[in-house]
Amino acid sequence: MSARGPERRHRPPGAPATALSVIAGLAILVTAACAPGAQGPGQQMPPGGASAPTLLTMGIIADAEPTGPEFAFGNISAGASESKYLLHAPLTIYNDRAQLEPRVAQSIPTLENGDWTVSPDGRMEVTWRLRPDVKWHDGTAMTADDLVFGYRVARDPELAVATRSIKDVDEVVATDPHTVVVRWKQVFIYANEMGLNAIPPLPRHLMEPLYDESDPQAFEASPYWSDQWVGLGPYRMQEYVRGSFIDTVAFDDYFLGRPQIDRIRIQFIGDTRSLIVTTMAGDIDVVPVGSMKAEEAFTLKTEWEAAGAGSVIISNNKLRNADLNWRDPSAPWVQDVRIRQAMVLLLDRQNQVETLHNGLSAVDDIFFPREHPAYQLAKQRGLPDLSYDVDKAHRLFQDAGLTRGPDGVYQSQTGAPFALDVSATGDINTNIQEMLVISNAWQQAGMQPNNIVITSDKDKDEVRGRSQGAVLTSTALGYTSFNGYITDEIRSESTRWKGANIGGYTNSNYDQLRERVFGTVAATERDQIAADLIKFQLDNMVYLPLAYSPDVAASAKTVRGVTGTLPDQRLTSWNAHLWEKS
């Protein structure tokens, strides 16, 4: 969906500096930020001493500013969803213990309570019972018709805001003012998780007349999607200055009770370095996930947290990995699983955690959180030991038929050198450092890596899809990680290089196991199948695991209630109505 409204007035984000360079410049920058005449968002606090309304300022990188209908649809990346969940409310939400809770819904539909039924042909019916006390920000009561209208908008092909899952919905019907039935064409294991990125309720009494005029451009450009937004969230819109900030105020009639903090300002800041400086200067109270990486977190942790100014919150929601190109059957790594194992054994991944992530990450091999049942079950099944072991790696190369030439470079049985591209995006400094460390280890072992930095002026998807080697990327933990290696998701020129499967891996047994995972509603049974698929991935080295790419948030010492985030919900403000500030 295209962006609407005035052009942004912020500077484009710059590439993050290394932790050391950030620390080196902070003293000067913080002094400048705190100098007389310097303006910060904290200075917007109204006068009045202790009786003044409490103001919390949330600092977010400018790229996460919502555009178009993103208060209900659109960008679901970390950071970009914060304003959405402050100003709106979903049917369900996850708490910080990864437990699904009802929000606008009265309860979670399950097979056990009968609100989720599955027919023998795979069709499903999910009944949603809505709270009767939910109000829109203009005081109008929310009804089931608002959810039906949200579905109409979500599936409108001219607006193109639908998520992939919504295409599997057959119909959404309001059976009474507080009951909605969602009928699915086939099994969808997330059918009872209805966040704002699925079928969000929309204020039908305001938006439907404009929508019925059949002018998609006018509907998309409506101020109801920006400074006149009316939602269901704990905060309501007060002022929105594009490229600068969104001011929100506590909604007195919020159905879970009036928020503890009176005002939250979402301040959009042009680059990560400026965000750190502003936070250290005391003008930012909360930095949600999505605006900082581990190297920036290290700066805050060693300077800001160490001084008692606040806390840095680390959440391991993604795993860094190398996706190999499987399209060339003559490539050494395609021919033998032992070669792929050796490529991981050559990497001192723990040292990378200590040097690249400053110890704020951890080595792992599995695309699931460690506490997830599927993770634990997979471990019980027995997985290959991928610990750093250079000698073992060379033995595996030799057992797989590779030999070293006079120049020390490994060669295949046809005499071709073991050459490959190593690609990484250049927007984050640690990505480049990681690429260089990996390439150096492989080169020292007798491989011929060729480094490729994917710059912002390139089509990232196409460059990755055409890579002749290993693409360094991050994968969110959980069931959706399986999609990165199914045949239906292979990216190619015919798909305009879209699709989750970067390297073109294809295996019918893998596809069948993945189908069974996503076709099994019962969680206990599904986790058993998922564990089998995890074992298949690592026994066959479908990808090369590296280390966690942590999500980072920060909370000033004056703020209470900010928690870590989850892979399925990379959202800091999920419980913002309970935050307190002293």
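Whatever comes next refers back to the structure up there.
Read on for an overview of the structure. (Residues numbered from 1 in each chain as written. Predicted model: local features only at pLDDT ≥ 70, side-chain atom pairs only at ≥ 80, totals over all residues. Heavy atoms only, no water.)

What about the packing of aromatic side chains?
Tallied over the entire structure, the rule returns 19 aromatic pairs. Ring plane angle 85 degrees and centroid distance 6.0 Å describe the contact between Tyr505 and Tyr510, whose orientation is recorded as edge-to-face. No difference in accessibility class separates Tyr505 from Tyr510, as the two residues are buried. Taken together, the ring pairs connect Trp326, Phe367, Tyr485, Tyr505, Tyr510, Phe536 and Tyr543 into an aromatic cluster. The lysine or arginine in question, Arg265, covers the ring of Phe245, its NZ or CZ lying 3.7 Å from the ring centre. (Phe/Tyr/Trp six-rings, centres within 6.5 Å; stacked < 30°, edge-to-face > 60°. Buried < 20%, exposed > 50% of the residue type's maximum accessible area, 1.4 Å probe, protein only. Lys NZ or Arg CZ within 6 Å of the ring centre and 35° of its normal.)

Here we look at the sheet that holds strand β5 (residues 124-129)
Pairing in this open sheet of four strands is antiparallel, and the strands run β4-β5-β7-β6 from one edge to the other. Each of the sheet's edge strands pairs with one partner strand only, and the pair in question is β4 (116-118) and β6 (169-176). When strand polarity is set aside, the average angle formed by the axes of neighbouring strands in this sheet is 15 degrees. Of the strand pairs in this sheet, β4 and β5 are connected by three bridges, and their pairing is antiparallel. If you follow Trp116 over to β5, its bridge partner there is Val126. Where helix α3 (residues 144-154) meets the sheet, its contacts fall on β6 and β7 (179-184), and the angle it forms with β6 comes to roughly 165 degrees. (Pairing = 2+ DSSP bridges. Helix = DSSP H or I, 4+ residues; strand = E, 2+ residues; numbered from the N terminus. Axes fitted to C-alpha atoms, helices over the stretch in contact; angles between N-to-C directions. Contact = heavy atoms within 4.5 Å.)

Observations concerning the environment of Leu513
Within the secondary structure, Leu513 sits in helix α15 (residues 508-518). With relative accessibility at 15%, the residue Leu513 sits in the buried group. Between the C-alpha atom of Leu513 and that of Ile486, which follows or precedes it by 27 residues, the distance is 10.0 Å. When near neighbours in sequence (up to four residues on either side) are disregarded, Leu513 contacts Ile529, Asp532, Leu533 and Phe536.

Description of the pairing of strand β18 (residues 469-476)
Of all eight residues in β18, six are buried; the element is thus mostly enclosed. Where strand β13 (residues 318-324) and β18 come together, seven bridges link them in antiparallel fashion. Pairing of Leu324 across the sheet is with Ala470, part of β18. For strand β16 (residues 419-425) and β18, the ladder comprises three bridges, and the chain directions are parallel. Across the sheet, Ser423 pairs through a bridge with Val471, a residue of β18.

Considering the side chain of Thr520
Positionally, Thr520 belongs in the loop between α15 and α16 (523-539). Within the structure, Thr520 has its side chain in polar contact with the backbone oxygen of Arg516 (distance 2.6 Å). If near-sequence neighbours (up to four positions away) are discounted, Thr520 is found in contact with Val187, Ile189, Glu525, Arg526 and Ile529. (Polar contact = N/O pair within 3.5 Å; in protein donor to acceptor, adjacent residues only side chain to side chain.)

Some thoughts on unusual backbone geometry
Negative phi values dominate among residues other than glycine, just as trans dominates among peptide bonds. We note that Ala98 has phi near 65 degrees; this positive angle belongs to a residue other than glycine. Its location among the elements puts Ala98 in the loop between β2 (92-94) and β3 (100-102). Of the residues examined, Ala98 reaches a relative accessible area of 43% and is grouped as partly exposed. A positive phi angle, near 55 degrees, is found at Asn358, a position not held by glycine. By the secondary structure assignment, Asn358 is in the loop between α10 (349-356) and α11 (373-381). Look at Asn358 and you get partly exposed, because its relative accessible area is 23%.

Note that all results are geometric; they support no functional claim without further evidence.
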